[in-house]
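Working through the structure, step by step
The primary structure of each chain is shown beneath.
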Amino acid sequence: MLIGVPKEIKNHEYRVGLTPASVRELRMHGHQVLVETAAGEGIGMDDAAYAKAGAQIAPDAATVFATAEMIVKVKEPQPGECRQLRPGQILFTYLHLAPDPEQARLLMQSGVIAIAYETVTDENGRLPLLAPMSEVAGRMAVQVGAVSLQKANGGFGVLLAGVPGVPPARVAVLGGGVVGANAARIAMGIGADVTILDKSIARLAQLDDLYGPHLKTVFSTAEAIEEAVFHADLIIGAVLVPGASAPKLVTRAMLSHMRRGAVLVDVAIDQGGCFETSKPTTHDDPTYIVDGVVHYCVANMPGAVPRTSTFALAQATLPYVLKLADHGWKNALRADPHLRAGLNVAEGRIVHPAVAEALGESLLTADDALAAA
């Protein structure tokens, strides 16, 4: 199979779909890899590194999209990229379609087979291709929150760790999954006063076993969220409903009861955000203020640390890229129900149930998509 890797074009997105090591593995399986020139510069990998691994270097993205049988990316295709996709071509990347009807429409029109990293599952029901970036985003959420709390950036002017004689900042983490656990770990490591809320008693028990009295665990209810948010200096939104839009846990009305200069970091912004006042921002202009509360809602947080993020992502995605390339998308998805869960668009239709519900589109089941193929 000919696999194409275009350069990412989203604002301040420096990650790349494959590393040279991934290219070498694909070449060992007999596949060809076409990498757009300069695609890896953001992670310190130039064209020579990819060529040495066995890749061909394409002069532009148009060449990659026009010739590759499978496109491997990091972020969702931008409108101009969507229009270069073609029927039967495989697209393997993050999609986050639930809050993005325009992208969904363009993918359906293109006839592409779109498989989303974020809905691929494993035998334990986890999301193995979302987890690496969730780990990065969770850890980053604390450091960007700490910077946003500085007075010059609109924040309350508190140091997360405090100092002797002055208490540390209070951090509330909404969601105890991969993002939330990593955020809590870093915040506690800095010395903040951390509370994590989740609807799963079992998950709270796991976190309590891990961190003991250093972490406050609270069962998530509307009242508990209000109590935590109203007293926190930094609130990290870390909720996830796979494939679906994130629930709005903090409303606009709640902002008036929060500290002026408190900070909201919405890691769920890719799925529409879990704060009612959230809207996507960029690394160029990451924050805005509503009712005196600072909002950080960058939609590609791990893109700020592209080298770490790319290597973490590539080692997770490579086994699935190999399955798709070795067997073709139909046979690979028939053989692996967990990879099949990643199928979001096929035959011009939405395939993932949560995405179809969020967008109000009719559903083509994965089984029907594979039967039609």
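Structural data are supplied above this passage.
Here's a quick rundown of the structure.

Rules behind the numbers
- Residues numbered from 1 in each chain as written.
- Predicted model: local features only at pLDDT ≥ 70, side-chain atom pairs only at ≥ 80, totals over all residues.
- Heavy atoms only, no water.
- Patch = residues over 30% accessible without salt bridge, like charges linked within 9 Å, V, L, I, M, F, W, Y side chains within 5 Å.
- Areas by Shrake-Rupley, 256 points an atom, 1.4 Å probe, with all protein chains shown as cover.
- Salt bridge = Lys/Arg side-chain N within 4 Å of Asp/Glu carboxyl O.
- Helix = DSSP H or I, 4+ residues; strand = E, 2+ residues; numbered from the N terminus.
- Pairing = 2+ DSSP bridges.
- Contact = heavy atoms within 4.5 Å.
- Axes fitted to C-alpha atoms, helices over the stretch in contact; angles between N-to-C directions.
- Expected span 1.5 Å × (residues − 1).
- Bend = angle between axes of the 7 residues up to and from the residue.
- Phe/Tyr/Trp six-rings, centres within 6.5 Å; stacked < 30°, edge-to-face > 60°.
- Buried < 20%, exposed > 50% of the residue type's maximum accessible area, 1.4 Å probe, protein only.

1. Let's talk about a nonpolar patch on the surface
Side chains of Leu159, Val163 and Val166 sit close together on the surface and give an oily, nonpolar patch of about 270 Å² of accessible area. Of note, valine 163 is situated in the loop between α6 (131-148) and β7 (170-174).

2. Details of the sheet that holds strand β1 (residues 2-5)
Spatial strand order, β3-β2-β1-β4-β5-β6-β14-β15: eight strands in an open sheet with mixed pairing. Each edge of the open sheet carries a strand with a single partner, namely β3 (56-58) and β15 (349-350). Where strand β6 (residues 113-116) and strand β14 (residues 343-346) come together, two bridges link them in antiparallel fashion. Bridge assignment links isoleucine 115 to a residue of β14, and that residue is leucine 343. Lying over the sheet, helix α11 (residues 306-335) contacts β1, β4 (70-72), β5 (90-93), β6 and β14, oriented at roughly 150 degrees with respect to β5.

3. So, α11
Compared with the 44 Å implied by 1.5 Å per residue over 30 residues, the 32 Å span of α11 between its first and last C-alpha is markedly short. Bending of α11 peaks at approximately 115 degrees at the position of glycine 328.

4. Considering the packing of aromatic side chains
By the definition in use, this model includes two aromatic pairs. Their ring planes at 80 degrees and their centres at 4.7 Å tell us that phenylalanine 92 and tyrosine 117 sit as a pair that is edge-to-face. In this pair, phenylalanine 92 sits in strand β5 while tyrosine 117 sits in the loop between β6 and α6, placing the two residues 25 residues apart along the sequence. Taken as a pair, phenylalanine 92 and tyrosine 117 share a single burial class, namely buried. Ring geometry for tyrosine 94 against tyrosine 117: centres 4.9 Å apart, planes inclined by 85 degrees, an arrangement best described as edge-to-face.

5. Let's talk about the sheet that holds strand β9 (residues 215-219)
Spatially, the seven strands line up as an open sheet ordered β9-β8-β7-β10-β11-β13-β12, and their pairing is mixed. Here the strands that pair on one side only, and so sit at the sheet edges, are β9 and β12 (287-290). Looking at each pair of strands side by side, their axes are set apart by 20 degrees on average, direction ignored. Relative to strand β13 (residues 293-296), strand β11 (residues 263-266) runs parallel, the two being bridged by three bridges. If you follow leucine 264 over to β13, its bridge partner there is histidine 295.

6. Section: the side chain of threonine 119
With respect to the element layout, threonine 119 can be found in the loop between β6 and α6. In this structure threonine 119 comes out as buried when scored by relative accessible area, which is 3%. Residues within four places of threonine 119 in sequence aside, it is in contact with Leu127, Gly243, Ala341, Gly342, Asn344 and His352.

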